[in-house]
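Per-entry structural report
If you want the building blocks of each chain, they are given just below.
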Amino acid sequence: MGDLGQLPVGIIGASGYGGVQLIRLLMDHPGVEVVYLGGSSSAGKPFSELYPHLGHCVNLTIEEIDLDKIASRCQVVFLSLPNGLACQMAPPLLAKGCKVIDLSADYRFKNLETYKTWYGGERNDQETVASAVYGLPELYRDRIANAKLVGCPGCYVTTSLLALAPLLKQGLIQPDTAIIDAKSGTSGAGRKAKTNLLLAEADSSVAAYGVARHRHTPEIEQICSDLAGHEVMVQFTPHLMPMVRGLLATVYATLRDPGLVREDLATIYNAFYRASPCVRVLPSGTYPQTKWACGTNLCYISVEVDPRTDRVIVMSVTDNLIKGQAGQAIQCLNLIMGWDEKLGLPLLSFYP
Ligand SMILES: NC(=O)C1=CN([C@@H]2O[C@H](COP(=O)(O)OP(=O)(O)OC[C@H]3O[C@@H](n4cnc5c(N)ncnc54)[C@H](OP(=O)(O)O)[C@@H]3O)[C@@H](O)[C@H]2O)C=CC1
Ligand SMILES: CC(=O)N[C@@H](CCC(=O)OP(=O)(O)O)C(=O)O
């Protein structure tokens with residue numbers, strides 16, 4: 001690859017967990033220069049004051065959000081904001097010629113009514129919604145490459161969909177039998193203070209939440225239906241784990257063909273992800289640990305079959321802040337720019 005030049009990019013929501021991971025990764029990216037950081041309560045603060053350990057390489061102050069100024073400085077803008085804000089900022093940024101990569105849920109749904117049912121709020125940006133591409137590179141690589149607006153899936157949905165995709169695409173499971181049991185570290189909830197995330201509350205305890213009504217369910221179903229070519233329902237149960245980062249999704253489903261063994265499925269998964277450098281299918285009998293993915297943009301997957309129940313069991317792990325958030329957004333940027341998909345992205349865990 002020749003000289004990449006320096007693409008000027010901005011990050012709105014720079015003080016949050018998604019923002020700081022974007023900055024950390026983009027500082028090492030050979031094709032990008034971060035020229036603008038935006039925020040709300042953090043506006044006016046030098047980034048080095050918020051994150052002193054990164055201060056030596058980020059000499060920027062978080063600024064108030066002025067979309068004209070941002071568009072005059074940046075070609076690509078990452079939005080790492082609570083749900084309901086990107087839909088106000090993306091249309092004017094696009095109109096001013098920027099490309100937008102959104103990390104929230106605002107541009108993940110094709111049907112605005114589904115979004116409103118699960119997230120609430122008033123929106124009239126149907127045209128913009130229609131132009132958005134779902135930012136899961138392993139499934140929509142070609143569309144992302146031509147997108148002006150990408151709505152990236154979050155950590156639970158990414159990890160679950162990568163586990164389920166080969167099964168659905170190839171019609172290997174009985175309809176509506178998929179059950180997703182998922183476990184996330186507390187950073188999945190963002191940096192904002194919440195009582196249930198205090199160490200004294202979250203430590204040494206595991207609990208399910210959002211049972212039978214978590215807002216990721218319709219998003220997973222939307223993409224599963226697209227892959228299967230018919231409406232699909234899933235059962236999704238998330239759990240909060242006493243750890244900071246990492247996500248494990250264990251997915252169960254009933255096989256159509258009970259004669260399939262784990263080696264058959266491993267072959268199918270390996271073929272499905274052969275051209276996907278950020279997915280690692282593990283050898284049969286090896287089950288992924290969240291720490292293997294920590295700090296990386298990788299998703300590790302293992303497939304098992306229980307011949308007693310005819311169920312396939314897929315285990316999938318990611319770092320919720322990297323492949324589940326900031327890394328995935330950069331993977332999408334790489335595709336948009338025609339760069340190597342994994343450019344600037346970490347692929348080695350820092351754990352032993
Ligand atoms: N955490 C995770 O694992 C994942 C999160 N996501 C999604 O990514 C997005 C960001 O999440 P995360 O980084 O964790 O969240 P945080 O709570 O850590 O950060 C939120 C950011 O949004 C900014 N912000 C809040 N309100 C406003 C406003 N009115 N105007 C401008 N900026 C505002 C905050 O800035 P300030 O401090 O200046 O107020 C902060 O920088 C969310 O949509 C989340 O659902 C997706 C995948 C995984
Ligand atoms: C632990 C925790 O609270 N996690 C978040 C999900 C994080 C994620 O997947 O991000 P998106 O919501 O952007 O998809 C939750 O359950 O709402």
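What comes next is a walk through the structure. (Residues numbered from 1 in each chain as written. Chains lettered and ligands numbered in written order. Predicted model: local features only at pLDDT ≥ 70, side-chain atom pairs only at ≥ 80, totals over all residues. Heavy atoms only, no water.)

1. Here's the deal with the overall build of the chain
Formally: Strands here mean DSSP runs of E at least two residues long; helices mean DSSP runs of H or I at least four residues long; both are numbered from the N terminus. Only the C-alpha atoms count toward the radius of gyration. The rule for a globule is 2.2 Å times the residue count to the power 0.38. For every residue, the accessible area (1.4 Å probe, protein chains only) is compared with the maximum for its type, and the residue is labelled buried under 20%, exposed over 50%, or partly exposed between those bounds. Here, residues are in contact when the closest pair of their heavy atoms is within 4.5 Å. In short, Shrake-Rupley with a 1.4 Å probe defines the accessible areas, and a residue's cover is counted only from the protein chains shown. Counting rule for charge: Lys and Arg are taken as positive, Asp and Glu as negative, and neither His nor the chain ends is counted. Every charge is mapped onto a representative atom, which is NZ of Lys, CZ of Arg, CG of Asp or CD of Glu.
Secondary structure summary: the chain contains 13 helices and 13 strands in total. The C-alpha radius of gyration of the chain comes to 20 Å, within 12% of the 20 Å expected for a compact globule of 352 residues. Counting only C-alpha atoms, the chain reaches 60 × 45 × 45 Å along its principal axes. Looking at the chain as a whole, 55% of its 352 residues qualify as buried. Sequence-distant contacts, at least 24 apart, represent 70% of the contacts inside the chain between residues at least 6 apart. For the chain, the exposed surface amounts to about 15,200 Å²; the carbon and sulfur share of it is 51%. Charge separation in the chain, taken as the distance between the mean sites of 30 positive and 33 negative side-chain charges, equals 2 Å.

2. A look at the side chain of serine 184
Checked against the element boundaries, serine 184 lands in strand S7 (residues 179–184). Leave out the neighbours within four places in its chain, and serine 184 touches Tyr156, His239, Leu240, Met241, Met243, Gly246 and Leu247.

3. Notes on the site of ligand 2
To keep things clear, this is the line we draw: Each residue is tested against the molecule or strand, and it is near if at least one of its non-hydrogen atoms lies within 4 Å. Within 3.5 Å is the distance limit for a polar contact, defined as a pair of N or O atoms, with the added protein rule that one can donate a hydrogen and the other accept it, and that residues adjacent in sequence qualify only through two side-chain atoms. Cavity: a set of points on a 1 Å grid over the protein atoms alone where a 1.4 Å probe fits but cannot get out. Pocket: an open set with protein on both sides within 12 Å along at least five of seven lines, its lining residues, like those of a cavity, having an atom within 4 Å of a point. Just a note on the criterion: a molecule sits in a pocket or cavity if more than half of its atoms are within 2 Å of the grid points.
Around ligand 2, 13 residues are found, and the nearest of them are Arg108, Cys155, Tyr209, His214 and His216. Contact between ligand 2 and arginine 108: an oxygen atom at 2.8 Å from a side-chain N or O atom of the residue. In the model, a nitrogen atom of ligand 2 is placed 3.2 Å from a nitrogen or oxygen of the glycine 188 main chain. In isolation ligand 2 offers 430 Å² of accessible surface; the protein chains occlude 86% of this area. Judged by the proximity of its atoms to the pocket grid, ligand 2 belongs to the largest pocket.

4. Some details on the site of ligand 1
Selection criterion: Residues are grouped as follows: Ala, Val, Leu, Ile, Met, Phe, Trp, Tyr, Cys and Pro are nonpolar; Asp, Glu, Lys and Arg are charged; every other residue, Gly included, is polar.
Taken together, 29 residues form the shell around ligand 1, and within it Ser15, Gly18, Ser41, Ser42 and Leu81 come nearest. Within the backbone of glycine 18, an N or O atom sits 2.7 Å from an oxygen atom of ligand 1. Between ligand 1 and glutamine 325 there is a distance of 3.1 Å, counted from an oxygen atom to a side-chain nitrogen or oxygen. Considered on its own, ligand 1 offers 900 Å² of accessible surface; in the complex 81% of this is hidden by protein. The pocket occupied by ligand 1, as judged from atoms lying within 2 Å of grid points, is the largest pocket. Put simply, the parts of the chain that give the shell around ligand 1 at least two residues each are helix H1 (17–27) and helix H13 (322–336). Here the residues of the shell around ligand 1 are counted per class, giving nine nonpolar, 18 polar and two charged.

5. Observations concerning the environment of cysteine 74
Within the element layout of this structure, cysteine 74 appears in the loop between helix H3 (67–73) and strand S3 (76–79). In sequence terms cysteine 74 and glutamate 33 are 41 residues apart; their C-alpha atoms lie 9.5 Å from each other. The residues touching cysteine 74, leaving out its near neighbours within four places in the chain, are Pro8, Val9, Gly10, Val35, Tyr36 and Cys98.

6. Thoughts on the layout of surface pockets
Condition: Grid points are joined across faces, edges and corners, and a volume is the space filled by probe spheres set on the points. Per the annotation, domain bounds derive from an automatic or database assignment of domains.
Each pocket or cavity is described by its volume, and for the largest pocket that value is around 1,300 Å³. Taken together, 49 residues line the largest pocket, and the ones lying closest to its centre are Leu81, Pro82, Ala189, Gly190 and Arg191. At three residues, H1 tops the list of elements feeding residues into the lining of the largest pocket. Broken down by class, the residue content of the lining of the largest pocket amounts to 18 nonpolar, 25 polar and six charged. Among the domains, domain 1 (7–152 + 323–337) and domain 2 (155–319) are the pair contributing at least three residues each to the lining of the largest pocket.

7. Overview of the packing of aromatic side chains
Put simply, the test is: Aromatic rings from Phe, Tyr and Trp, taking only the six-membered ring of Trp, are treated as a pair when their centres fall within 6.5 Å; an angle between ring planes under 30 degrees marks them as stacked, one over 60 as edge-to-face, and anything in between as tilted. Only when the NZ of Lys or the CZ of Arg is both within 6 Å of the ring centre and within 35 degrees of the ring normal is a charge said to sit over the ring.
Inspection of the entire model under this criterion finds nine aromatic pairs. Their ring planes at 70° and their centres at 6.2 Å tell us that phenylalanine 109 and tyrosine 115 sit as a pair that is edge-to-face. Of the two residues, phenylalanine 109 and tyrosine 115, both sit in the buried class. Between phenylalanine 272 and tyrosine 273 the ring centres are 4.9 Å apart and the planes differ by 80°, which places this aromatic pair in the edge-to-face class. Since its relative accessible area comes to 23%, phenylalanine 272 is described here as partly exposed. Among the aromatic residues, those joined into a ring-pair cluster are Phe109, Tyr115 and Tyr119. In this arrangement the basic side chain of arginine 123 is found over the ring face of tyrosine 107, its NZ or CZ atom lying 5.1 Å from the centre. Against the face of tyrosine 115 rests arginine 123, its NZ or CZ located 4.5 Å from the ring centre.

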